[in-house]
Amino acid sequence: MATTAAVLNEAVPTAEYARLEERIIARDQKGASDVLYRLMKQSRSVTEITRETVRIHAPYTHVPYHQRLDDGVVKFVNNDHCLLSERVGLRLASMIRPELSWLPLAQTVWYMPTGLDPWNQLIGKAPGHYTRLYDIQVNTTPPMPEAHWPDQEPLPIEGTLRERLNHWLTLVQRGEVLTSYRVFLGLMQDVPNRRHVLAHLAFAGLIDVQDRMWHNRSYTTGHKGYRARATIELGEVIGWDNAHHVLYAGVPDIAVGPRWYSTYEVGCNVVQNLLDGRDQELLRQDTPLTPDEEAMLVDVIMRQREVSVIDALVALLKAGRSARRILDAIQIAAAQVILETGEPNNYSMAQHGYEYCNTVGWFYDTFEHPHRLKLLFVAALFINRGSEHQANTPGNGRRTIAPPAGSEAWSSRQLLEKLEQALLALRAEESVDLTAAYLKGGHDRAPLVQTLATAACKIGNDPHNQELGLCTLEDYLHTKAHDRDRLLLASAQHTAGHRKYGDPLEAYRRFAEAMELDDR
């Protein structure tokens, strides 16, 4: 991907970005993409384009609340897919085939006109992603998107760092959106302590998770944690001196309701009452799980009740096992929930559960936050509830994964070609079986990872879903789990199986044509 120093030093083409903003706000997917293609052909830097696209959508991807209760029916809305897609795009670009390295950004901009002002989409006053989700009729001439939370200036406060962080999180818990945002901007001006401030932003998102699933829809299925992570990673790529719009896009929503902390409270009480509050001591443990211990924990999470999950985690920690390696095993259980999902409409809980575990893993690896041990319990209970939800939802269930007949005679290249065809044709079971055949053949894993990443990136129209393709592969490359291949199987299952909107390959085809690529 071209990001040369000469390009970075050139003046920003303000007219082109003004045109891009105009087309995005007009909800013109084709027009916005055409402007983006011109910027790509000029070899503008990815960092610059990302910074400008965040600036464009930041005012219009907030909502006043994440629920509505109209005519006695509860509806939900998440509103961060533009931001999440930009984070994923930066990481996916290096994992896919090199000639497609611009495609993740193209998918983001293709989606962006449909992701503005989701609140008014939800009530039928604007077109976009939620209009097609709920089949709401809207006017053919789209109105200007509404900025529900105006940008703010920093509000410095007095006190020690601990006191200031506690005050900010209290404002978040009380739902004081604008004041909490102003205080956070003030905290970010304390440059020597910025790392601690960012860690607390991620923590505030990760503790906010709904406490049940069965016969619910997703209200806070970890999205605030994903939004905080995107804010942090994008801000670090762009540079905090130029990342105010990233903070505007990501921080106010942490305090938007509803807010759910009851599962995190379970973690607090278990660590205090059953583990004597020994967070720091237990976090220093580094003994891995045995294969039998990993299999036991996966089975308990998948098949047993909440009390057994808590007992299993406590026993492993008391036995000296590493919290990070326990999290690896929880990720294997999350992958199995995806593999037991059948109907396309049933993926919501499975995919959000997996993304939550991936984000907790990132949090462990990125920050030394003093309360991260408690998030083990949130992650495990999230997946336990997700497994129960899927088991009681028609269209799901376990199935035998078996390589196709005769596949042992196929070369690794033939297997990958057949796999990509199956993925793009949305044949989930065939995709999983072909992945299993490749693994059984003992072939080099790197081309398989690239094939899975490329297919996830080609399928668009809601590129937040590409995040699962990235998360499973990202974890595969870092995990110490004994059953790590299950993550690759889950990646194939999710990419081919999850619910698609519109023509999922339209953005890819337009990109390939504009960039004069061989449509492979």
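A few points on the structure. (Residues numbered from 1 in each chain as written. Predicted model: local features only at pLDDT ≥ 70, side-chain atom pairs only at ≥ 80, totals over all residues. Heavy atoms only, no water.)

**Notes on the pattern of salt bridges**
Note the threshold: Any Lys or Arg side-chain nitrogen located within 4 Å of an Asp or Glu carboxyl oxygen qualifies as a salt bridge. Burial classes: relative accessible area under 20% of the type maximum marks a residue as buried, over 50% as exposed, and values in between as partly exposed (1.4 Å probe, protein chains only).
Counted by the stated rule, this structure contains 40 salt bridges. D28 is the partner of R23 in a salt bridge, and the nearest nitrogen-oxygen pair spans 2.8 Å. The class of D28 is partly exposed, set by a relative accessible area of 21%. With its nearest N and O atoms 4.0 Å apart, the salt bridge here joins D276 to R278. Overall, D276 belongs to the exposed group, its relative accessible area being 55%. One continuous salt-bridge network, built from bridges that share partners, spans R87, R91, R229, E233, E467 and E474.

**Quick look at the pairing of strand β2 (residues 73–76)**
As a reminder, the rule being used: The criterion for strand pairing is that DSSP finds at least two bridges linking the strands in question. Only DSSP runs of H or I covering at least 4 residues are called helices, and only runs of E covering at least 2 are called strands; the numbering of each starts at the N terminus.
Pairing of strand β1 (residues 67–70) with β2, which is carried by four bridges, proceeds in the antiparallel orientation. Residue D70 lies in a different strand from β2, and its bridge partner there is V73. If you look at the hairpin formed by β1 and β2, you'll find two residues sitting between the two strands, and D71 has a positive phi there, around 55 degrees.

**Quick notes on the nonpolar core**
Threshold: Among buried residues, those of type Ala, Val, Leu, Ile, Met, Phe, Trp, Tyr and Cys that are joined through side-chain atoms within 4.5 Å constitute a nonpolar core. Every residue pair with non-hydrogen atoms within 4.5 Å of one another is taken to be in contact.
Counting residues in hydrophobic clusters, the biggest one holds 167 residues, and the most contacted among them are I330, Y356, L376 and F377. Sort the elements by how many residues they give to this core and helix α18 (residues 323–339) lands first, with 12 residues. When residues no more than four places from it in sequence are discounted, the contact partners of L376 are L313, L317, A323, I326, L327, I330 and Y364.

**Looking at helix α16 (residues 291–303)**
For clarity, the threshold we go by: A helix is expected to span 1.5 Å multiplied by its residue count minus one.
An ideal rise of 1.5 Å per residue puts 18 Å on 13 residues; α16 measures up with 18 Å between its terminal C-alpha atoms. Three or more residues of α16 are buried, namely E293, E294, L297, V298, V300, I301 and M302. Against the buried residues of α16 lie α17 (306–318), α18 and α20 (375–391).

**Looking at the packing of aromatic side chains**
For clarity, the threshold we go by: Side-chain rings of Phe, Tyr and Trp (the six-membered ring for Trp) are treated as a pair once their centres are within 6.5 Å; stacked means planes under 30 degrees apart, edge-to-face means over 60, and tilted covers the remaining angles. Our definition puts a charge over a ring when NZ of Lys or CZ of Arg is within 6 Å of the ring centre and also within 35 degrees of the ring normal.
For the structure on display, the rule yields seven aromatic pairs. Geometrically, the ring pair formed by F203 and Y264 is edge-to-face, given 5.5 Å between the ring centres and 80 degrees between the ring planes. Within this pair, whereas F203 is found in helix α11 (residues 194–206), its partner Y264 is found in helix α14 (residues 262–273), the two being separated by 61 residues in sequence. On the basis of relative accessibility, which here comes to 10%, the residue Y264 falls in the buried class. On the basis of an interplanar angle of 90 degrees and a centroid distance of 5.8 Å, the ring pair of W362 and F367 is categorised as edge-to-face. In this structure an aromatic cluster arises from ring pairing among W362, F363 and F367. Its end group placed over the ring of Y364, R372 keeps NZ or CZ at 5.7 Å from the ring centre. Lying over the aromatic face of W410, K418 brings its terminal NZ or CZ to 4.6 Å of the ring centre.

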